[in-house]
Amino acid sequence: MANPVPSACCVVLAVVVVVYAQRHSQQDSHTQYERVGADVTMKCGSMDWDAAVTWTVNGTDIDESHLNGSYLILKNVDLSQSGQYSCYEGSSWHLKYQTNLKVGTPPKEPVLMCRSNNYPKGFYCSWHLPTPTYIPNTFNISVIHGTKDMVCEKDAVPKNRCHIRYLQLFSTVKYKVTLTVTNALGKNFTTLTFDEFAIVKPDPPESVVAKPVPNNPRRLEVSWQNPSSWPDPESFPLKFFLRYRPLILDQWQHVELSDGTSHTITDAYAGKEYIIQVAAKDNDIGTWSDWSVAVHATPWTEEPKHLTTEAQITETTSASTSSFMAPPTTKICDKGAVVGSGAVAVCWTAGLVVAAYSVLFI
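What you are looking at is a predicted structure, and each value in this text was computed from that prediction instead of being measured.

Draft legend 1. Main features of the side chain of Ser 86. On the secondary structure map, Ser 86 appears in strand E7 (residues 83-89). Here Ser 86 is in contact with Thr 54, Trp 55, Thr 56, Leu 95, Tyr 97 and Gln 98, once residues within four sequence places are set aside.

Right under this line is the structure:
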């Protein structure tokens, strides 16, 4: 007779597999977008209102207090309630409905900026949203020069930027750029209108170097290079703005330079560390660049010399001589070793000679 235990185990395993497959099948699945703070009602597919159902979110059962019949009611939803919601029929766990709920916000007015850092080749426009929407957004940009539509070639990286090539230089006709942002909950847009010259802004100067000038305790020599993105500095020369200050002070000093890529600071404080930056601008049009990366330098200082003065020499000699002197004796003559006043006189005479000898070597 066959053992009934393995057969029963197989039946139980098969039931578990079927239930798991039913709970994870993808019937009637779609994405649903809702605004933050909205009240959301979900129907269990084609099930009747009074049907017995079970709802889950990301695989976890939802408490029946959120149900109205077979409908799932979510009040004042927030971002944490985004997820995959599933509805199952009664105790059979047959999947009847599934939706991916995404909670977010409609887009606010986007921030748009257009700039020419490689004049006269063209300009670029970049954009971003002032606040996140938490759901996918689509951006569409249009550029019009007079009555002519222009192509804005989108960059692969970053994705929120595109380039426009100038078709006509020194044009007085304005450019109009419109950016529209759309998501499942709404749309918004912004528009910029500008002259060709108004958006010219070079990148900051590169390879800024500052170093001390030998034997000049108040000078620093600063040099830099034109930004590599500026295509023709010969035809469209740049001017520069230098600022510097010692680290111990907050106030900057400024120097504007009409040509050249170097400058010597002549009024630095001796021995004080300085911070130095440079900006660039087209000679005739546009605005100043951002500041370059800050560099630090300290003016030249003389190396200290170890000098020996005449007084130090005399003091050293005296100290050396004194160190070899025998200390003066204070021993009184042994009266028992001599007899009579003559002996006493000899004792005192010898004492005076020793004292005089000592004075000569002090």
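Text resumes after the structure shown.
Draft legend 2. Structural detail: the environment of Val 111. Its location among the elements puts Val 111 in strand E9 (residues 111-115). Residue classification places Val 111 among the partly exposed residues on the basis of a relative accessible area of 36%. Once you skip the residues sitting within four places of it in the chain, Val 111 turns out to touch Ser 126, Trp 127, His 128 and Pro 130.

Draft legend 3. Main features of the packing of aromatic side chains. Counted by the stated rule, this structure contains 14 aromatic pairs. With 5.5 Å between their ring centres and 65° between their planes, Trp 224 and Phe 240 make a pair best called edge-to-face. Pair noted here: Trp 224 is in strand E18 (residues 216-225) and Phe 240 is in strand E19 (residues 238-246), with a separation of 16 residues, a long-range link. Phe 240 carries the same exposure label as Trp 224, and that label is buried. Put simply, the rings of Tyr 119, Phe 123, Tyr 166, Tyr 175, Phe 194 and Phe 236 touch in pairs and so form one group of aromatic residues. If you follow Arg 161 out to its NZ or CZ, it ends over the ring of Tyr 124, 5.1 Å from the centre. Of note, Arg 245 hangs over the ring of Trp 252, and the distance from its end group to the ring centre comes to 4.8 Å.

Draft legend 4. Highlighting the side chain of Asp 282. Tracing the sequence through the fold places Asp 282 in strand E22 (residues 274-282). Although Asp 282 is buried, it makes no salt bridge; Lys 281 carries the closest opposite charge, 5.8 Å away. Engagement of the side chain of Asp 282 in a polar contact is seen with the backbone nitrogen of Ile 285, the distance being 3.1 Å. When neighbours within four sequence positions are excluded, Asp 282 is seen to be in contact with Val 200, Pro 202, Trp 230, Phe 236, Pro 237, Leu 238 and Lys 239.

Draft legend 5. The arrangement of the pairing of strand E15 (residues 175-183) in detail. Relative to E15, strand E11 (residues 138-145) runs antiparallel, the two being bridged by eight bridges. By the bridge assignment, Ser 142 is partnered in E15 with Thr 178. Here E15 pairs with strand E16 (residues 186-194) via nine bridges, running antiparallel. When the bridges of E16 are listed, Leu 179 appears paired with Thr 190. Hairpin connection between E15 and E16: a loop of two residues separates the two successive antiparallel strands.

Draft legend 6. Structural detail: unusual backbone geometry. For the bond from Tyr 119 to Pro 120, the omega torsion is 15°, close enough to zero to count as cis. Structurally, Pro 120 can be placed in the loop between E9 and strand E10 (122-128). Cis geometry marks the peptide bond from Val 157 to Pro 158, where omega comes out at -10°. Of note in the backbone geometry, Asn 58 takes a positive phi value of approximately 50° without being a glycine. Here Asn 58 shows up in the loop between strand E3 (53-57) and strand E4 (60-61). A relative accessible area of 53% means that Asn 58 is categorised as exposed. Even without glycine at this site, Asn 215 takes up a positive phi of about 65°. Residue position: Asn 215 is located in the loop between strand E17 (206-213) and E18. Of the residues examined, Asn 215 reaches a relative accessible area of 60% and is grouped as exposed.

Rules behind the numbers
- Residues numbered from 1 in each chain as written.
- Predicted model: local features only at pLDDT ≥ 70, side-chain atom pairs only at ≥ 80, totals over all residues.
- Heavy atoms only, no water.
- Helix = DSSP H or I, 4+ residues; strand = E, 2+ residues; numbered from the N terminus.
- Contact = heavy atoms within 4.5 Å.
- Buried < 20%, exposed > 50% of the residue type's maximum accessible area, 1.4 Å probe, protein only.
- Phe/Tyr/Trp six-rings, centres within 6.5 Å; stacked < 30°, edge-to-face > 60°.
- Lys NZ or Arg CZ within 6 Å of the ring centre and 35° of its normal.
- Lys, Arg positive; Asp, Glu negative; His and termini not counted.
- Salt bridge = Lys/Arg side-chain N within 4 Å of Asp/Glu carboxyl O.
- Polar contact = N/O pair within 3.5 Å; in protein donor to acceptor, adjacent residues only side chain to side chain.
- Pairing = 2+ DSSP bridges.

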